[in-house]
Amino acid sequence: MTLPLKDLEELARTKTVLLKDFFQAEPPSTKGEDLVELWRQIYDEEVKSTVVKTAQGPSDDLSNPVFPYEKLQAIVGDGGHWKWPRIWRRFDELERRGTAFRPGDAVNFDLPNSNPNITSQKVLVVGGGPVGLRLAIELKLGGHQVTVFEKRREHRNAQGELQQLGFTNRINRPHVFNFLRNDLDRLNGRDFMSSKMCYPVFTQGDTSSIGIDELQLLLLKNALLLGVDFQLGMSYEDANIVLDPKNQKPQWRVKFSCDDLAAEHYGLSPGTHESNFDVLMGCDGARSRVRESQKGIFGEVDKRNFKKMIGVVANIQKVSRQRLKELGFPSGQEPTDMKRAHLASGAGSMTGLNYYKASYHNYVIFTPSKEDLQQAGFGGSIYSFHAGRDKVNPNKVEEKAKLKHWVLERCKEVGIPVDESLSNGGFVEEPNDVMAFDFSEIWKCKKNFAFNLPPLTYDVQEHGPWTGSSLVPPIGLVGDAVTEPFWIAGVGLQRGWNGVMDACYLIDNLYNMSFSGGVDPLETTSWNDHIQKLQSVIPKLYDCSHDGRMTREGLQGEHADQGVVMMQLNKQMKDAEKPQWQLRVDPCYRYEQFAKQLEEKYRGARMLENMHPVVRRTLAVRKSDGDRSEAPDLHQKLLSVDGRQLVVAPAAYDHVPVAQPAQPSQPQPPQLPLIPEPEVAKRASSKSENLQAMLSKQIDEHVQRTRSAAFDDERWVAIDASPKGFAELAEKQWDVMTEKHLNPAQKAELLHVRNMIKSLKQQIASLNSSLEGFQRAERELLTNAQVN
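Residues numbered from 1 in each chain as written. Predicted model: local features only at pLDDT ≥ 70, side-chain atom pairs only at ≥ 80, totals over all residues. Heavy atoms only, no water.

**Student:** Requested: an account of the overall build of the protein, with residues and values cited.
**Tutor:** Broken down by element type, the protein carries 27 helices and 23 strands. Expressed as a percentage of the 788 residues in the protein, the buried residues total 49%. Partitioning the contacts of the protein with sequence separation of at least 6, the portion at a separation of at least 24 is 72%. Of the roughly 39400 Å² of accessible surface on the protein, a fraction of 52% belongs to carbon and sulfur atoms. (Helix = DSSP H or I, 4+ residues; strand = E, 2+ residues; numbered from the N terminus. Buried < 20%, exposed > 50% of the residue type's maximum accessible area, 1.4 Å probe, protein only. Contact = heavy atoms within 4.5 Å. Areas by Shrake-Rupley, 256 points an atom, 1.4 Å probe, with all protein chains shown as cover.)

Here's what the structure looks like:
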């Protein structure tokens, strides 16, 4: 069968409209459930059957798979939108590993496979939060088959009132570290989020933040376009180990249930079902069902008493400019982001304050003592971390009212605008309006990853029954499932993102017999030695992730001017532009402890002999940018859709115009030479990319000016590697936030400085008001003066 060009054009028009909505979807107007349903319309059976041309021949979902975005790109091209070529380009630049790496493809930029010894695994990720989605994305880039189970689906009654939270209903705003911001940038953060939503993420410097819902939708778009099987309405229940009778390979026999909508979509009957997976990863939060169902592997969690820390969170509705002026903000603008301590009226101790502005609401965290809240009338019913936002709880209405009153008083004291005439008293919809969390006790799992496997070549008939240690298929925990989130210090995403890379590092190397745990691969090793090496690195990775022991470049989120990368780049090109520092799967490029193994490789004269992988990839990508010549034909990579081969109209259909009698010649104005259409497309693409590069550079320069200089050795302090690790660091940070480290004289001096600042602000506001009055008088004199 053939596919006429007109039918392909109709298909492209239909998918372009849907893809535009998909790319532009963002909260609060779009929920995760909406995005999943939209994707099902985009990536239907017709698009799934699409075959495209690759360096290894026609694509095939089993033997030569391609990502969904590659099929869609072949169908819709740029879709008539100038951003889309850059979106596709960003996906092309994501580094492939293992079987996701197709030799000879242009997306490899003539670079080798960073890990050709990956054996693809069938992985189940439980939990569709930010960490679960980011893990799924990175696993797909390693060639693994990835399924995500997410049970939470939003439910509202006939009146539109929220009855049950969905998986993208959380709107709290964690801090975005520079390396995390870079990661979101390479995942099309600037193009998948509106400029209004991008501002707090990419331009706020030290107070950069992102809403959990915003982050989830951004990651969900990437996951779906990369082929992650995201199954909404699926609930993990339990898992048992089963062994293949022929080769003794262990797998997880997962028991799960599904809601009615999921059962209808996947053609399942009500009740529980079972399915086998090679790897089981729990990214299902602090109350992890994966962790609880496998206590024999993970053990009981370690708990310890912490300082009496209470976190009060409030999400406040935006206030119009006119209303801001009425509320005492003369400029009609909101105050800038804040991170400081505050002495509340009548309070006996300092209260920490974090205030982040967002696109559709503002986010504030107070950290008072439990005694101060009780003194203010709050009954002491402090929520656990999740109970406050798990569902709308009618039993806590009175407590919520008291907490709102307390927050309003604090907001007025520090100058945060709240319009009480708005719905819910100026707060957002329940349950995200106000919450209180108790951090007096923290916990941590004893381990976060376990496995014990036989070699791939094991055969029961040849080698006999397995007599070694008990076989365990790979299982792990990442994110809040392994350690209680302490988001006051803003480390949840830092731990989560590093945990994602650690998990991929372990899963990628399960059967990699050249794995050494260091920089250079081994030539030969036995299976037992391989297992021992891989298992020995697990606790080291866990400690580094938990305690945040990243390299200085990683903590700063940029390459050092005098570091290996920039010195090598400056040798290769004049005035080399600094590439973004990005997380890599290999811990040697993330953790200080592992990075020391690289020092010898780049020490002294060897620095210029051994090209750093970041330098090699940067040069290859930039060379590719410079080598792009004529714009490719829109459908040149497309071979067939739904079994129908693409054909173009034969020459017999061409229309030959009938010759007309010659007309008397008239003088014609000189005609400019025609520019070929490919050249126009090339120059247009080049101009748009140059403009985007210029804007990005200016934004980055702005951010650099608004934060402290990088690699200031006097300001940088290595994180304590003692067993206390992060807990001790958090206590110190808590003391700084509440100003308990100051002596009485310093506190008096600080109070004097703040009083002077307040006085100066009042004087400035008064002078601005006077200035506006004189300017108004000037205009009236000029416009009303009579001409003599």
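Past the structure itself, the notes keep going.
**Student:** Any details on the pattern of salt bridges? Residues and values, ideally.
**Tutor:** Pairing of side chains with opposite charge becomes possible as their charged atoms draw close. Counting across every chain of the model gives 41 salt bridges. Across the pair Arg152 and Glu150 runs a salt bridge whose closest N-O atoms are separated by 2.9 Å. Residue classification places Glu150 among the buried residues on the basis of a relative accessible area of 2%. Between Glu420 and Lys412 there is a salt bridge, with its nearest N and O atoms 3.4 Å apart. Given the relative accessible area of 54%, Lys412 is considered exposed. Ionic contacts of the salt-bridge type, sharing partners, join the residues Arg97, Arg134, Glu138, Asp183, Arg186 and Asp508 into one network. (Salt bridge = Lys/Arg side-chain N within 4 Å of Asp/Glu carboxyl O.)

**Student:** Before we move on, can you summarise the state of the cysteines with the specific residues and values?
**Tutor:** Put plainly, a disulfide is one covalent bond tying together the sulfur atoms of two cysteines. Applying the stated criterion across every chain, the model contains zero disulfides. The structure places no disulfide on Cys504, whose sulfur is separated from the nearest cysteine sulfur, that of Cys283, by 9.8 Å. A residue is classified by how much of its surface remains accessible, and Cys504, at 0% relative accessible area, is buried. (Disulfide = S-S within 2.5 Å.)

**Student:** Tell me what's going on with the packing of helix H4 (residues 68–76) against helix H5 (residues 84–93), and back it up with residues and numbers.
**Tutor:** Where H4 contacts H5, the two axes come as close as 11 Å, and the packing angle between them is 150°. By the angle between their directions, the pair H4 and H5 is classed as roughly antiparallel. With respect to the hand of their crossing, H4 and H5 are arranged in left-handed fashion. Note on element contacts: H5 touches H4 through Trp84, Trp88, Phe91 and Asp92, opposite Tyr69, Leu72, Gln73 and Val76. Taken together, the residues of the contact of H4 with H5 sort by class into six nonpolar, one polar and one charged. (Axes fitted to C-alpha atoms, helices over the stretch in contact; angles between N-to-C directions. Parallel < 35°, antiparallel > 145°, perpendicular 65-115°, else oblique. Left-handed = near helix turned anticlockwise from the far one by under 90°. Nonpolar A, V, L, I, M, F, W, Y, C, P; charged D, E, K, R; others polar.)

**Student:** Describe the nonpolar core, and please don't skip the residues or the numbers.
**Tutor:** Judged by nonpolar contacts, the single largest core of 107 residues is most densely connected at Phe22, Trp88, Leu135 and Met281. For this core, the leading source of residues is helix H19 (residues 492–508), giving nine residues. Of all hydrophobic cores here, the second largest spans 27 residues; its members include Ala239, Trp443, Ile475 and Ala481. (Core = buried A, V, L, I, M, F, W, Y, C linked by side-chain atoms within 4.5 Å.)

**Student:** Go over unusual backbone geometry, please, and point to the residues and values.
**Tutor:** Geometrically, the link from Pro27 to Pro28 is a cis peptide bond, its omega value of 5° lying close to zero. With an omega dihedral of 5°, the bond running from Glu430 to Pro431 counts as a cis peptide bond. Looking at the secondary structure, you find Pro431 in the loop between helix H17 (397–414) and strand E18 (434–438). Look at Asn188: it is not a glycine, yet its phi comes out positive at around 65°. Its location among the elements puts Asn188 in the loop between helix H7 (178–186) and helix H8 (189–192). Note on Asn188: relative accessible area 2%, which makes it buried. Even without being glycine, Asp642 reaches a positive phi, approximately 55°.

**Student:** Can you lay out the packing of helix H6 (residues 130–141) against H19 for me, pointing to particular residues and giving the numbers?
**Tutor:** Between H6 and H19, whose axes approach to 9 Å, the crossing angle comes to 35°. Seen along the crossing, H6 lies across H19 with a hand that is right-handed. On H19, the residues that touch Pro130, Val131, Arg134, Leu135, Glu138 and Leu139 of H6 are Gly496, Trp497, Val500, Met501, Ala503, Cys504 and Ile507. Partitioning the contact of H6 with H19 into residue classes produces ten nonpolar, one polar and two charged.

**Student:** With reference to specific residues and values, describe the sheet that holds strand E9 (residues 234–243).
**Tutor:** Within the open sheet, the three strands sit side by side as E9-E10-E11. Their pairing is antiparallel. In the strand order of this sheet, the two ends are held by E9 and strand E11 (272–277), each with one partner. Mean inter-strand twist for the sheet, computed between neighbouring axes without regard to direction, equals 25°. Bridge count for E9 against strand E10 (residues 250–258) is nine bridges, and the pairing is antiparallel. Across the sheet, the residue bridging to Met234 is Cys258, located in E10. (Pairing = 2+ DSSP bridges.)

**Student:** Pulling in residues and values, what's your account of the packing of aromatic side chains?
**Tutor:** Following the criterion strictly, the structure yields 22 aromatic pairs and no others. Ring centres 5.6 Å apart and planes at 90° place the aromatic pair Phe366 and Trp406 in the edge-to-face group. Of this pair, Phe366 sits in strand E17 (residues 361–367) while Trp406 sits in helix H17, placing them 40 residues apart in sequence. The interplanar angle of 25° and the centroid separation of 5.9 Å between the aromatic rings of Tyr511 and Trp527 together place this pair among those described as stacked. Within this pair, whereas Tyr511 is found in the loop between H19 and helix H20 (527–547), its partner Trp527 is found in helix H20, the two being separated by 16 residues in sequence. We classify Tyr511 as buried; its relative accessible area is 9%. Classification of Trp527 by relative accessible area gives buried; the value is 13%. One aromatic cluster in this structure is built from Phe22, Phe23, Trp39, Tyr43, Phe67, Tyr69, Trp84, Trp88, Phe91 and Phe192. Lying across the ring of Tyr360, Lys196 places its NZ or CZ 5.0 Å from the centre. Of note, Lys444 hangs over the ring of Tyr542, and the distance from its end group to the ring centre comes to 5.1 Å. (Phe/Tyr/Trp six-rings, centres within 6.5 Å; stacked < 30°, edge-to-face > 60°. Lys NZ or Arg CZ within 6 Å of the ring centre and 35° of its normal.)

**Student:** Could you give an account of the sheet that holds strand E3 (residues 57–58), naming the residues involved and the relevant values?
**Tutor:** As summarised here, the arrangement of the five strands in space is E1-E23-E22-E2-E3, forming an open sheet in which the pairing is mixed. For this open sheet the edge positions go to strand E1 (2–3) and E3, each flanked by a neighbour on one side alone. Here strand E22 (residues 638–641) runs beside strand E23 (residues 644–646); their pairing, made up of two bridges, is antiparallel. For Val641, the partnering residue across the bridge sits in E23 and is Arg644.

**Student:** Can you break down the confidence of the model for the protein residue by residue, with the values?
**Tutor:** Residues with a pLDDT of 70 or more make up 82% of the protein, whose mean pLDDT is 84. Under a pLDDT of 50 for its full length, residues 629–635 has, in the predicted model, 13 contacts with residues more than four places off or in other chains. Within the model, the stretch residues 706–723 combines pLDDT values under 50 with 29 contacts to residues more than four positions away or in other chains. (pLDDT = per-residue confidence, 0-100.)

**Student:** Requested: an account of the side chain of Asn108, with residues and values cited.
**Tutor:** Checked against the element boundaries, Asn108 lands in the loop between H5 and strand E4 (122–126). Overall, the relative accessible area of 6% leaves Asn108 in the buried class. A polar contact of 2.5 Å, which involves the side chain of Asn108, links it to the backbone oxygen of Arg102. Setting aside chain neighbours within four positions, we find Asn108 in contact with Phe101, Arg102 and Pro103. (Polar contact = N/O pair within 3.5 Å; in protein donor to acceptor, adjacent residues only side chain to side chain.)

**Student:** How would you explain empty space enclosed by the protein if you had to name every residue and give the values?
**Tutor:** If a probe as big as a water molecule is rolled over the atoms, it shows which places are left empty. Counted by the stated rule, this structure contains three cavities of 30 Å³ or more. Empty space within the largest cavity amounts to approximately 90 Å³. Counting residues per element, the ones that place at least two in the lining of the largest cavity are H19 and H20. When its volume is computed, the second largest cavity comes out at roughly 70 Å³. Lining the second largest cavity are 13 residues, with Asn448, Phe449, Asp502, Ala503 and Leu506 positioned closest to its centre. Elements with a minimum of two residues in the lining of the second largest cavity: strand E21 (472–477), H19 and H20. Residue contributions to the lining of the second largest cavity peak at four residues, all from H19. (1 Å grid on protein atoms, 1.4 Å probe; cavity = no way out; pocket = protein on both sides within 12 Å on 5 of 7 lines; lining within 4 Å. Points joined across faces, edges and corners; volume = space filled by probe spheres on them.)

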